[in-house]
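Residue-level structural notes
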Amino acid sequence: MKRLTIALAILSLISTFNIWATPSERAIYNPYIDFEWGNCPTQFKSYDNRNLCSLAEVPLDWEAPNAKKIDILVSKYPAKSGNSQGQIWFLQGGPGASASFYVKEFETNLNHFTQDYDLYVIEHRGVGWSTHLACTTPPSADYAAYSQACFNDLHQQWGEGLYKFTTTSAAKDLDYVISKSKTIDWLPSYVYGASYGTLWAQRFSQIAPTGAQGIILDSVVPSEKFGLDSWDENFNDIFADMFTYCQSDDFCRSQLSLNSLDELKTLVNKVYSGQHCPATNFKRFELQAISLIALSRSVEQILIPMYHRLARCNTNDVIALNNLHRFMFTGTGKQFIELAAKDPFDSSPIVSKLIVQNEINYNERDIHTKLEYCKDAISCIPEYILYQRHIDKQVWGNRYIDPYAYQPTQHYMPTLVLNGDLDPQTPHYYIPIVQSAFTSGNQRYVELPETEHGVIFVSHSTKENANTCGVDIMQSFINHLWSQPDTSCIKDLQGLNFKASQFESQVIFGSSEAFNGNAITQSLHDLNVLKNSNPNIYIQARDTFLRLADF
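In this text, all values refer to a predicted model and were calculated from it rather than measured experimentally.

Considerations on the pattern of salt bridges
Evaluation of the coordinates by the stated rule reveals 21 salt bridges. A salt bridge links K531 to E338; its shortest N-O distance comes to 3.3 Å. Within this pair, whereas K531 is found in helix α19 (residues 524-533), its partner E338 is found in the loop between α11 (332-336) and α12 (349-359), the two being separated by 193 residues in sequence. On the basis of relative accessible area, K531 is assigned to the buried category, the value being 9%. Judged by relative accessible area, E338 falls into the exposed class, the value being 60%. Residues R547 and E452 are paired through a salt bridge, measuring 3.7 Å at the closest nitrogen-oxygen approach. Of this pair, R547 sits in helix α20 (residues 535-549) while E452 sits in the loop between β9 (443-448) and α16 (455-458), and the two are 95 residues apart along the sequence. On the accessibility criterion, E452 (7% relative accessible area) is buried. Each of the salt bridges in this network shares a partner with another, and the network as a whole consists of D229, E364, K370 and K393.

Examining the packing of helix α8 (residues 284-296) against helix α10 (residues 315-329)
Contact geometry for α8 and α10: axes closest at 12 Å, N-to-C directions at 75°. In terms of orientation, α8 lies roughly perpendicular with respect to α10. Here E286, I290 and I293 of α8 lie close against α10, whose contacting residues are L324, H325, M328 and F329. Classifying every residue of the contact of α8 with α10 by side-chain character gives five nonpolar, one polar and one charged.

Things to note about the side chain of K393
Note that K393 resides in helix α14 (residues 383-396). According to the relative accessible area criterion, K393 is buried, its value standing at 15%. Apart from residues no more than four positions distant in its own chain, K393 is found in contact with D229, Q357, N361, E364, R365 and K370.

Conventions we followed
Residues numbered from 1 in each chain as written. Predicted model: local features only at pLDDT ≥ 70, side-chain atom pairs only at ≥ 80, totals over all residues. Heavy atoms only, no water. Salt bridge = Lys/Arg side-chain N within 4 Å of Asp/Glu carboxyl O. Helix = DSSP H or I, 4+ residues; strand = E, 2+ residues; numbered from the N terminus. Buried < 20%, exposed > 50% of the residue type's maximum accessible area, 1.4 Å probe, protein only. Axes fitted to C-alpha atoms, helices over the stretch in contact; angles between N-to-C directions. Parallel < 35°, antiparallel > 145°, perpendicular 65-115°, else oblique. Contact = heavy atoms within 4.5 Å. Nonpolar A, V, L, I, M, F, W, Y, C, P; charged D, E, K, R; others polar.

What follows is the structure in structure tokens.
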């Protein structure tokens, strides 16, 4: 999923003031009065401008409802049919990512739901167009000093209220806005969360056990026994599963010269130490980062040929690999796809640090253990980011204790859990933790093969004009909450694609064939000539290039 995947480095200086592109309405804190709907910020406008927005006033501290208030952005896309069958509420991941992502999906993957459901999007407190948590301290080369100064600045501004930008507070926000949306007309509500949004949805089930008619958890963060310190181990475990799929795929097996995962590990460690293929421009952290990016974004048609060419390492392979390096790590790829500047309201690193270090940090690893693990791993976070996370843990961690954190989630709401078996961010082997808290027969798990993070957005079908399989399963669940959802679409999944198109190969490797063939060195000018000569093919392949360049 393009916007639910990792970003390798985010250091943003963001204004603390929200400026609406057009006037919007503010809904005072009162659960018995409906929203005042108005225009949406530009970033939150749907493709057809049908959605409406409101700033809902909520208590900063739900234990002190009459004290300081903050704003939560809520967007509503009314059912096109004019006869809504219910509400679907969308919770974004991160933590700290903006939910504007969902609004952009109303035209594509979520279009199926726009006809008969009111689609609501809530912006997490502290993020995006809700009251925004951001650091006004200028970035510094001394990350420890910068991080501490940022914390001091925000704590001076918010005091202990800084520790109210939590998952539990966001869950209470959700309960409030769902109730507020039903003051005039009651409709059944279904809550969908992806990635961190699943933890948010599970927390909602604890503070409002009858707050919705059903919950959909997509790519699940377990409420207990899960922490992001296991990130690198998880990626390497899922890489091994992807490699197994390659060995069972006729095309991939016939092209790849490496016969086992052990052989691949031996290869990359020889490259790391400079014993093999030193003419390539890759450093260890870059090869490990490519693995992280390509695995989480399902770009196996570039990743596997990279290892094949690295193993053979002839003159053409060196040229091809250096073309890949230039595309990803020198800015060439960003320029080629004309990547727009990041919207500062797309995320809040502060919300991310607070929640990760205090609520998603169960299985802690010290910095030395992480660095030692990464010395010979295929996939790993770059060392400088590991050090930044270590500092973040010291500065932002152990700041608050939430009674719901690291506890099992038990409730009786109908629940659909979706996960791909190639999801490295929230691996499927954590699902038994979630299932152990199931309390009734209407709480079910569906695993999709050869599928990465964000099931309803990535589980594409081989059938023309079909919904994603995740969307079809979700719709089946909503239609029949007390029955097993229809999962027949799984047989038509596209699954992994190990064969790059000729155009993808030409752009990335400078060769008409990804695994083999002659390669030529390519400049940005050469790539632009290719793009301008093949505009329609470029549009079809742009998503692949975006996945490799946008980090």
